Amino acid sequence: MAEQGQVKTGELDPQAEARRRLALAQIRQYPDPVLRLEAQEIEDFDDDLAQLVERMKRLMQDARGVGLAANQVGILRRVFIFQAEEGEEPLALVNPTIVEHSDVVELEDEGCLSLQGVLVPVERALRIRLEARDAEGEPIALELQGLEARVVQHEVDHLDGVLIVDRTTPEGRREALSVLRQSAAI
């Protein structure tokens, strides 16, 4: 399965395509103002959080994404789901903080489930160290590199109200906004 930015690409059977479209309809799209708001720390690791995490996992997988932040489903809580490798169980990270990042960066194209049709170059640290909690409240520390580091940085940005159009080149931003205006006009 190929990936285009943060979105998996490839042929889908009609049922999978219908699930993808239904999932995308539940994901907030640019310029929805909730995408620009900062998510709040989570204090209660309860059934509501567990249900949110399960819903987000299903939506991300059905939408063919590799990450999904709570802001993208209209919930301003600091949690995101990611699954950089096909076949792995998606991981929920609550109250994530990037505590270290490499000075070595890489410019790669990124897409986003909330900016359909947009693919822009974004510079990201090649390696990061992240601290968070899982959905039950247990501490997690991860050392990530490559695609996993890129996905996590993208999702942490979402939790801070930052989008890929804010991180791209001036030319990439112009092109992205042109695509988004055209799709809004349809």
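Up top is the structure these notes are about.
Residues numbered from 1 in each chain as written. Predicted model: local features only at pLDDT ≥ 70, side-chain atom pairs only at ≥ 80, totals over all residues. Heavy atoms only, no water.

Asker: Help me understand the nonpolar core, please; the structure alone is not making it clear to me.
Answerer: General note: in soluble globular proteins, nonpolar side chains tend to be found buried as a group. Counting residues in hydrophobic clusters, the biggest one holds 20 residues, and the most contacted among them are V53, M56, L68 and V79. Elements with a contribution of two residues or more to this core: α1 (14–25), α2 (47–63), β4 (79–82) and β5 (91–101). With residues near it in sequence (within four places) discarded, V79 still touches I42, L49, L52, V53, M56, A69, A70, L93, V94 and L159. (Core = buried A, V, L, I, M, F, W, Y, C linked by side-chain atoms within 4.5 Å. Buried < 20%, exposed > 50% of the residue type's maximum accessible area, 1.4 Å probe, protein only. Helix = DSSP H or I, 4+ residues; strand = E, 2+ residues; numbered from the N terminus. Contact = heavy atoms within 4.5 Å.)

Asker: Explain the sheet that holds strand β3 (residues 67–69) to me, please; I cannot follow it from the model alone.
Answerer: Hydrogen bonds between backbone groups are what pair the strands of a sheet, and the pairing can be parallel or antiparallel. Across the sheet, five strands lie side by side as β3-β4-β5-β8-β9; this open sheet has antiparallel pairing. Every interior strand has two partners, whereas the edge strands, β3 and β9 (139–145), have only one. The mean inter-strand angle of the sheet, taken between neighbouring strand axes irrespective of direction, is 40°. Along the sheet, α2 makes contact with β3, β4 and β5, crossing β4 at roughly 35°. The strands touched by helix α3 (residues 146–159) within the sheet are β3, β4, β5, β8 (127–133) and β9, with β4 carrying the most contacts at an inclination of about 155°. (Pairing = 2+ DSSP bridges. Axes fitted to C-alpha atoms, helices over the stretch in contact; angles between N-to-C directions.)

Asker: Honestly, the pattern of salt bridges in this entry has me stumped. Any pointers?
Answerer: Pairing between side chains of opposite charge can happen when their charged atoms approach one another. Following the criterion strictly, the structure yields 19 salt bridges and no others. A salt bridge links K57 to E54; the nearest nitrogen and oxygen atoms lie 3.7 Å apart. Taken together, the positions of K57 and E54, both in helix α2 and three residues apart, correspond to about one turn of that helix. Classification of K57 by relative accessible area gives buried; the value is 13%. A residue is classified by how much of its surface remains accessible, and E54, at 40% relative accessible area, is partly exposed. Put simply, E143 and R129 hold a salt bridge, and the shortest N to O gap is 3.8 Å. Here E143, found in strand β9, pairs with R129, found in strand β8; they are 14 residues apart in sequence, far enough to count as distant. Taken together, the shared-partner salt bridges connect E100, R127, R129, E131 and E143 into one network. (Salt bridge = Lys/Arg side-chain N within 4 Å of Asp/Glu carboxyl O.)

Asker: Is there a simple way to think about α1 in this case?
Answerer: A rise of 1.5 Å per residue sets the reference length of α1, with its twelve residues, at 16 Å; its end C-alpha atoms lie 17 Å apart and thus fit the reference within 8%. Three or more residues of α1 are buried, namely A16, R20, A23 and L24. When α1 is viewed along its axis, its buried side chains cluster within an angular range of 100° and face the same direction. Residues of α1 that are exposed and angled more than 90 degrees away from the buried face: P14, Q15, R21, L22 and A25. Residues of α1 that are buried make contact with α2. Where α1 begins, the side chain of D13 points an oxygen toward the backbone nitrogen of Q15, at a separation of 3.0 Å. (Expected span 1.5 Å × (residues − 1). Arc of directions from axis to C-beta. Polar contact = N/O pair within 3.5 Å; in protein donor to acceptor, adjacent residues only side chain to side chain.)

Asker: Would you explain α2 in this entry?
Answerer: Under the 1.5 Å per step criterion, the end-to-end length of α2 is 24 Å for 17 residues, consistent within 8% with the ideal 24 Å. Within the span of α2, buried status applies to L49, L52, V53, M56, K57, L59, M60 and A63. Taken together, the buried residues of α2 touch α1, β3, β4 and β5. Where α2 starts, the residue carrying a side-chain oxygen 3.3 Å from the main-chain nitrogen of D48 turns out to be D46. Remark: R64 follows α2 within two positions and exhibits a positive phi of approximately 70°.

Asker: Can you walk me through unusual backbone geometry in this structure?
Answerer: The bulk of non-glycine residues show a negative phi, and the bulk of peptide bonds are trans. With an omega of 10°, the peptide bond running from Y30 to P31 counts as cis. Note on placement: P31 falls in the loop between α1 and α2. Positive phi is not limited to glycine here, since R64 has a value of about 70°. Along the chain, R64 falls in the loop between α2 and β3. Not every positive phi belongs to a glycine, and N95 is a case in point at roughly 50°. Inspection of the secondary structure puts N95 in strand β5.

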